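# Chain and residue survey
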Amino acid sequence: MVFKLKQLSLLVWHYLNQPLFDSSARTAFGISRFLYIYRLQTLERCWQKDCAQQGQHHH
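Quick look at the structure, then. Note that the coordinates shown come from a computational prediction; the quantities given were computed from them, not determined experimentally.

## Details of the side chain of Gln18
Topologically, Gln18 is positioned in the loop between helix 1 (2–16) and helix 2 (31–57). Assessed through its relative accessible area of 13%, Gln18 is described here as buried. Apart from residues no more than four positions distant in its own chain, Gln18 is found in contact with Arg26, Thr27, Ala28 and Phe34.

What follows is the structure in structure tokens.
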């Protein structure tokens, strides 16, 4: 229960702190659109982190 509340508050924090006037960032005013973009960005960060960790093991 506490984990879900913390996760929800983190999502609300990210939603309210979107960069509004940055042309390079994706801004979404609708909740469903925001959740879609947020999931994509989270997946991209995980992908980059995983690729960076795999690159370190090959050296």
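## Description of the packing of aromatic side chains
Summed over all chains, the structure comprises two aromatic pairs. When the ring of Tyr15 is compared with that of Phe34, the centres are 5.1 Å apart and the planes differ by 75°; the resulting orientation is edge-to-face. Here Phe34 lies in helix 2 and Tyr15 lies in helix 1, a separation of 19 residues in the sequence. The rings of Tyr15, Phe34 and Tyr38 are connected pair by pair, giving a single aromatic cluster.

## Overview of the environment of Tyr15
We classify Tyr15 as partly exposed; its relative accessible area is 23%. Distance from Tyr15 to Ala25, taken between C-alpha atoms, is 13 Å for residues ten residues apart in sequence. When neighbours within four sequence positions are excluded, Tyr15 is seen to be in contact with Ala28, Phe29, Gly30, Ile31 and Phe34.

Cut-off values and rules
Residues numbered from 1 in each chain as written. Predicted model: local features only at pLDDT ≥ 70, side-chain atom pairs only at ≥ 80, totals over all residues. Heavy atoms only, no water. Helix = DSSP H or I, 4+ residues; strand = E, 2+ residues; numbered from the N terminus. Buried < 20%, exposed > 50% of the residue type's maximum accessible area, 1.4 Å probe, protein only. Contact = heavy atoms within 4.5 Å. Phe/Tyr/Trp six-rings, centres within 6.5 Å; stacked < 30°, edge-to-face > 60°.

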